[in-house]
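These are the residues of each chain, in order.
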Amino acid sequence: MRASLILSLAAALVAGSIAPAFADDQAKIDATLARLGKVCKNKVAEKFSGTGVSMADIQVDVSATFQESLDNGSMGLKDLKEYGASYNWSVPSKKASGNCDVDAKGRITQFMGK
């Protein structure tokens, strides 16, 4: 029984029938990260409102530790949908940077920066 299951899984991988599920999850992860990152970017824009900073001047990236957790599989789509994400932001023209955490519903739970 186990041998046939292993062979079936191997065949499915070779045939590509399992890979689309992972690709679909990755697309959902990317879309969720983009949506939550936009919330962080909007908060940064609000902080610099009236100072001549445009949205193009604001850089927002998934924090390195958070990205590493996604990359190594210790975090996945389910976790992202439950807890949200953590971002680093910067406005190079103002020599300002910080971080923000956004929960899964798109609410800022922590915003820090200088």
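It should be noted that the structure appears before, not after, this text.
Residues numbered from 1 in each chain as written. Predicted model: local features only at pLDDT ≥ 70, side-chain atom pairs only at ≥ 80, totals over all residues. Heavy atoms only, no water.

In this section: the overall build of the protein. Counting its regular elements, the protein contains four helices and four strands. Going from the N terminus to the C terminus, the protein shows its helices and strands as α-α-β-α-α-β-β-β. Counting only residues that meet the buried cut, the protein has 28% of its 114 residues in that class. Summarising the internal contacts of the protein: among those between residues at least 6 apart in sequence, 53% fall at separations of at least 24. For the protein, the exposed surface amounts to about 7400 Å²; the carbon and sulfur share of it is 56%. (Helix = DSSP H or I, 4+ residues; strand = E, 2+ residues; numbered from the N terminus. Buried < 20%, exposed > 50% of the residue type's maximum accessible area, 1.4 Å probe, protein only. Contact = heavy atoms within 4.5 Å. Areas by Shrake-Rupley, 256 points an atom, 1.4 Å probe, with all protein chains shown as cover.)

In this fold, Lys114 is placed in the segment after strand 4 (108-113). For Lys114, a relative accessible area of 68% corresponds to the exposed category. Along the sequence, Lys114 and Lys95 sit 19 residues apart, while their C-alpha atoms lie 8.4 Å from each other.

Our focus in this paragraph is the state of the cysteines. Tallied over the full model, the rule gives one disulfide. Between the sulfur atoms of Cys40 and its disulfide partner Cys100 the distance amounts to 1.8 Å. Of the two residues, Cys40 is situated in helix 2 (residues 19-47) and Cys100 in strand 3 (residues 96-102); the sequence distance between them amounts to 60 residues. Of the two residues, Cys40 and Cys100, both sit in the buried class. (Disulfide = S-S within 2.5 Å.)

As a rule of thumb, nonpolar side chains are buried together in soluble globular proteins. Membership of the largest hydrophobic core comes to 20 residues, with the highest contact counts inside it found for Leu33 and Tyr87. Listing elements by their share of this core, those giving two or more residues are helix 2, helix 3 (64-71), helix 4 (77-83), strand 2 (85-91) and strand 3. Counting residues per element, this core draws most heavily on helix 2, at five residues. (Core = buried A, V, L, I, M, F, W, Y, C linked by side-chain atoms within 4.5 Å.)

Attention now goes to the packing of aromatic side chains. Within the structure shown, the criterion is met by two aromatic pairs. Ring geometry for Phe48 against Trp89: centres 6.1 Å apart, planes inclined by 70°, an arrangement best described as edge-to-face. In this pair, Phe48 sits in the loop between helix 2 and strand 1 (59-62) while Trp89 sits in strand 2, placing the two residues 41 residues apart along the sequence. Each member of the pair, Phe48 as well as Trp89, is classed as buried. When the ring of Trp89 is compared with that of Phe111, the centres are 5.5 Å apart and the planes differ by 5°; the resulting orientation is stacked. On the criterion of sequence distance, the pair formed by Trp89 in strand 2 and Phe111 in strand 4 is long-range, its members being 22 residues apart. By the ring-pair criterion, three or more aromatic residues cluster together here, those being Phe48, Trp89 and Phe111. The side chain of Lys43 reaches across the aromatic face of Phe111, ending 5.8 Å from its centre. Its guanidinium or amino end placed over the ring of Phe48, Lys47 lies 5.8 Å from that ring's centre, counting from NZ or CZ. (Phe/Tyr/Trp six-rings, centres within 6.5 Å; stacked < 30°, edge-to-face > 60°. Lys NZ or Arg CZ within 6 Å of the ring centre and 35° of its normal.)

Among the residues of helix 3, those classed as buried are Phe66, Ser69 and Leu70. The arc that holds every buried residue of helix 3, seen down its axis, measures 100°, which confines them to one face. Facing away from the buried side of helix 3 by more than 90 degrees, the exposed set consists of Ala64, Thr65, Glu68 and Asp71. Taken from the residues just after helix 3, Gly73 is the one with a positive phi, measuring 85°. (Arc of directions from axis to C-beta.)

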